[in-house]
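Residue-level listing of the chains:
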Amino acid sequence: MKDYIKIDEWKIIEEGFDPHVHKVSESIFSLGNGRMGQRANFEEAYSGESLLGNYVAGVYYPDKTRVGWWKNGYPEYFAKVLNAANWVGIDVQLDGEQLDLAKCEVSEFRRELNMKDGYLKRNFTAKTASGKIVEVEAIRFCSMADDETGAIKYSIKPINFSGELTITPSIDGDVKNQDSNYDEKFWDEVSKEAKQDGGYVQMRTKKTGFEVATGMKFNLTLDGNAAEIIAEPIDKEKYVGTVVKLKAGEGQTVTLYKYAANLSSQNHPSDQLAELTYAVLDKISAKGFDTMMAEQAEAWAKKWELNDIIIDGDVSAQQAIRFNIFQLNQTYTGEDDRLNIGPKGFTGEKYGGSTYWDTEAYCVPFYLSTAEQRVTRNLLLYRYKQLGKAIENAALLGFKNGAALYPMVTMDGTECHNEWEITFEEIHRNGAIAFAIYNYVRYTGDEAYLADYGLEVLLAIARFWSQRVNWSEDKQQYVMLGVTGPNEYENNINNNWYTSTLAVWCMEYALEVIEKVKSIDNAKYEALVAKINFDIITEGERFKHIIANMYLPYDEKQQIFLQQDGYLDKEQILVKDLPATDRPINQKWSWDRILRSCYIKQADVLQGIYFFEDQYDIDTIKRNFDYYEPRTVHESSLSPCVHSILAAKLGDEKRAYEFYLRTSRLDLDDYNNDTEDGCHITSMAGTWMSVVEGFGGMRMREDKLSFQPFLPEKWASFSFHIGFRGITIKVTVSKDGVKVQNLSDQNIDLLVYGKEQTVAGGAEGIFAN
Ligand code: BGC
């Protein structure tokens, strides 16, 4: 754990330059706007350790799989969102001496991520080897108002010398992914142009053929006035730059305004990309940096209006929750149903920017409550459009008759994961996709979605489960063998309670939705049944038989659900008795030792209890929580949030708060010692859930929003906004009770502490327990 980030309500601040945490900071201070994003790499050259990262959403490359031993069914490729052209580069030479913080004496270093207005600012004073001192300020952002653009204002002030500054703004497409399997470069150059005041590079991805033009346009001022410069355009392979020379006196400030645009063939014809990029650059440079920044602040203000969570009395918690919300909004805006949410967003290469079950299990609740309905609908449609591939994927593994297995990791619907114990066995992801449909429909009331898209997906998933189980003569029940639950610290286990419970639920829900769709639009139902050749008699009956006869492991003695058949055979040493030096076990232990241990990576039984909470009484929840939590090492960032919500449900306010702190400051304080790979964007939605579902006790009950809040001891109050079926409410929890302000003009019916309440449009209600 590290704790160098300074506490502030709206800003993430780093003071003092420590190269050892530079890669961690590059992740934390990342920027994005849903369409593109980047790590907080320095603009000027830096020869120290750094992970260069610029990403364009949806632009990926299928990197050829590399495994030790090939197994039939492995995918040939792992699709990765690519490290794309670097548009932030500004090389600086002071009288011919390179400015490079790895080689300078650095003082007054300060990095600041302003989450309110959406920009990154960096200040420092550097003394070069020859003794020249400069002060630098760099401000940049990825525009939310115009998501194909970004801008930088870079100012340099010589402090103890007058001389020649050579400043080279550039676009550098000659980049590679650090995680490239065969050390290949993924981009080919298509065209480029270097000009006196800018230029562009157009690149094409190998294999997938995406083209992206990245361009820049710049201007310079000296003490705010147009500067006299000599500009010489230069180019190299995949690179354009303009070498600008000018004289600056001691104490004078040279400012470079660099405007950038990133246009992709996903959205524009390839042969017009260069021309369109120039047009966008002309437009934004005419607007100017200050106007763009004002638009940025305005766009963020709109986001915060719906998204903000205000915590009064605990600045550290306040900063953390805003950081989580900020990063989620930087990653996914829901504008485009071809896009999804990579677990690390635009903050690193890990997980390849691909889609995981994280989206459905963790992110959907966040977007349902904080964005327009179409945003979550787009996330669902993404999977609907990939149903064909999920059916092909299942067929490859031997499943038949339209059974679908959604991939563990994907970009375009094709499975990319290539570890057999996950690719073939971590099949619970199918259930999360069904659960998200349920969650969306229950929250929005959009039942038409079921008839148009949802049921088709649900039936394909139910078909998969019905084929994945087998009848055990011994048990006289259905069993599910050879699976991996969310707890990836056990593989190839039999009868994972979570997966089997989810499978049963999927079949039940599919049957329920059949009836629903029949009643909404029987013609649509008949058309679907004909299209997918679904036989309600034989298939429906099989679903029912499995539902009634599924084996779900249970330990009578301790009255807990059993994570899997063999769990109790394991040596049961609790996490608290593990030496601190052994943790995290995934960095300290051999894999076989982990697999044989009782340690749980992340919520597994408890994930199921979280999903289906209404099916269990409070004692059952408590027994399972008390049994599994002490065995859980939370080495997946997705774990603490579920524990926080369940602890809150159990009235264990202390532990709910501890888990909240852990989930919310996971990256800021680098809890798992891996933030340098990128931030855990999808788990940030879990942090939001910890506040709203945990402390706020928000649930859907009887077709209404229901709240059962409590106020953490350390907080004076907290409040959050919730969008629900066209209505926005603000909920404030304080020592005086719960205040619900209805910001819309329609009435809203709620349950607060179990009692029905109506808050009229524009009015507010105050409720006590
Ligand atoms: C977790 C998975 C998760 C993935 C991406 C893994 O460490 O175990 O559940 O889907 O990270 O976040």
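Residues numbered from 1 in each chain as written. Predicted model: local features only at pLDDT ≥ 70, side-chain atom pairs only at ≥ 80, totals over all residues. Heavy atoms only, no water.

## Details of the overall build of the protein
Alright, step 1. In terms of regular secondary structure, the protein is built from 20 helices and 33 strands.
Alright, step 2. For 769 residues, the compact-globule estimate of 2.2 N^0.38 gives 27 Å, and the C-alpha radius of gyration of the protein, at 27 Å, lies within 12% of that figure.
Alright, step 3. Dimensions of the protein along its principal axes, counting C-alpha atoms only, are 85 × 60 × 55 Å.
Alright, step 4. Taken over 769 residues, the protein has a buried fraction of 62%.
Alright, step 5. At a minimum sequence separation of 6, the contacts of the protein that also span at least 24 residues come to 68%.
Alright, step 6. For the protein, the separation between the mean place of its 84 positive charges and that of its 116 negative charges on side chains is 1 Å. (Helix = DSSP H or I, 4+ residues; strand = E, 2+ residues; numbered from the N terminus. Rg over C-alpha atoms; globule rule 2.2 N^0.38 Å. Buried < 20%, exposed > 50% of the residue type's maximum accessible area, 1.4 Å probe, protein only. Contact = heavy atoms within 4.5 Å. Lys, Arg positive; Asp, Glu negative; His and termini not counted. Charge placed at Lys NZ, Arg CZ, Asp CG, Glu CD.)

## Some points on the packing of aromatic side chains
Alright, step 1. This model, assessed by the stated rule, comprises 59 aromatic pairs.
Alright, step 2. With 5.6 Å between their ring centres and 85° between their planes, W70 and Y74 make a pair best called edge-to-face.
Alright, step 3. Aromatic side chains Y660 and W715 sit 5.7 Å apart centroid to centroid with 85° between the ring planes, which places their arrangement in the edge-to-face category. Of this pair, Y660 sits in helix α19 (residues 653–664) while W715 is found in the loop between β27 (704–707) and β28 (717–724), placing the two residues 55 residues apart along the sequence. This pair shows no difference in class: Y660 is buried, exactly as W715 is.
Alright, step 4. Clustering of aromatic rings is evident, with ring pairs tying together F435, Y438, Y498, W505, Y509, Y610, F611 and F612. (Phe/Tyr/Trp six-rings, centres within 6.5 Å; stacked < 30°, edge-to-face > 60°.)

## Some thoughts on the layout of surface pockets
Alright, step 1. Roughly 1,200 Å³ of internal volume is contained in the largest pocket.
Alright, step 2. Lining the largest pocket are 44 residues; nearest its centre among them are K350, Y351, Y356, E488 and K601.
Alright, step 3. Only β6 (77–81), α8 (420–423) and α14 (585–588) provide two or more residues apiece to the lining of the largest pocket.
Alright, step 4. Split into classes, the residues belonging to the lining of the largest pocket amount to 14 nonpolar, 14 polar and 16 charged. (1 Å grid on protein atoms, 1.4 Å probe; cavity = no way out; pocket = protein on both sides within 12 Å on 5 of 7 lines; lining within 4 Å. Points joined across faces, edges and corners; volume = space filled by probe spheres on them. Nonpolar A, V, L, I, M, F, W, Y, C, P; charged D, E, K, R; others polar.)

## Looking at unusual backbone geometry
Alright, step 1. Looking along the chain, the bond that leaves R583 and enters P584 is cis, with omega of -5°.
Alright, step 2. Within the secondary structure layout, P584 lies in the loop between β25 (560–561) and α14.
Alright, step 3. One non-glycine residue, K207, adopts positive backbone phi at about 65°.
Alright, step 4. Here K207 is to be found in the loop between β15 (198–205) and β16 (211–222).

## Details of the pairing of strand β32 (residues 755–759)
Alright, step 1. When strand β31 (residues 748–752) meets β32, the two strands line up antiparallel, connected through 5 bridges. Within the sheet, the bridge partner assigned to L751 lies in β32 and is E756.
Alright, step 2. Joining the antiparallel neighbours β31 and β32 is a turn of 2 residues, in which Y753 adopts a positive phi near 45°. (Pairing = 2+ DSSP bridges.)

## Some remarks on the domain arrangement of the protein
Alright, step 1. What the domain assignment reports for the protein is domain 1 (13–305) and domain 2 (696–769).
Alright, step 2. The distance between the C-alpha centroids of domain 1 and domain 2 comes to 43 Å. (Domains from an automatic or database assignment.)

## A word on the site of the ligand
Alright, step 1. As a matter of local geometry, the ligand sits amid P343, Y351, Y356, W357, D358, E488, K601, Q602, S636 and L638.
Alright, step 2. Take W357: an N or O atom from its side chain is 2.9 Å from an oxygen atom of the ligand.
Alright, step 3. Residue E488 places a side-chain N or O atom 3.1 Å away from an oxygen atom belonging to the ligand.
Alright, step 4. Coverage of the ligand by the protein chains reaches 92% of its 310 Å² of free accessible surface.
Alright, step 5. When atoms are counted within 2 Å of each cavity's grid points, the one that captures over half of the ligand is the largest pocket.
Alright, step 6. Taken together, the residues that form the shell around the ligand break down as 5 nonpolar, 2 polar and 3 charged. (Near = heavy atom within 4 Å. Polar contact = N/O pair within 3.5 Å; in protein donor to acceptor, adjacent residues only side chain to side chain. Areas by Shrake-Rupley, 256 points an atom, 1.4 Å probe, with all protein chains shown as cover. Sits in = over half its atoms within 2 Å of the grid points.)

## Let's talk about the sheet that holds strand β33 (residues 764–767)
Alright, step 1. Read across the sheet, 5 strands follow the order β21-β28-β29-β30-β33 without closing on themselves; strand pairing throughout is antiparallel. Bordering the open sheet on either side are β21 (309–312) and β33, each of which pairs with just one other strand. Between one strand axis and the next, the sheet turns by 15° as a mean value, whatever way the strands run.
Alright, step 2. Note that strand β29 (residues 727–734) and strand β30 (residues 737–742) share 6 bridges and pair antiparallel. Directly across from V733, in β30, lies its bridge partner V738. (Axes fitted to C-alpha atoms, helices over the stretch in contact; angles between N-to-C directions.)

## Details of the environment of K132
Alright, step 1. You can see K132 is positioned in the loop between β10 (119–127) and β11 (133–142).
Alright, step 2. Judged by its relative accessible area of 15%, K132 falls in the buried class.
Alright, step 3. Residues K132 and G388, spaced 256 residues apart in sequence, show a C-alpha to C-alpha distance of 63 Å.
Alright, step 4. Each residue touching K132, except ones within four places of it in the same chain, is listed here: L94, D95, E97, A126, K127, N160 and F161.

## Looking at the side chain of T205
Alright, step 1. Positionally, T205 belongs in strand β15.
Alright, step 2. Those residues in contact with T205 that lie beyond four places of it in its chain are V59, Y60, L82, F186, W187 and F210.

## Quick notes on the sheet that holds strand β4 (residues 54–56)
Alright, step 1. The strand order across the open sheet formed by 3 strands is β2-β3-β4, and the pairing between neighbours is antiparallel. Each end of this open sheet is capped by a strand with a single partner; those strands are β2 (31–32) and β4.
Alright, step 2. Here β2 pairs with strand β3 (residues 36–38) via 2 bridges, running antiparallel. When the bridges of β3 are listed, G32 appears paired with G37.

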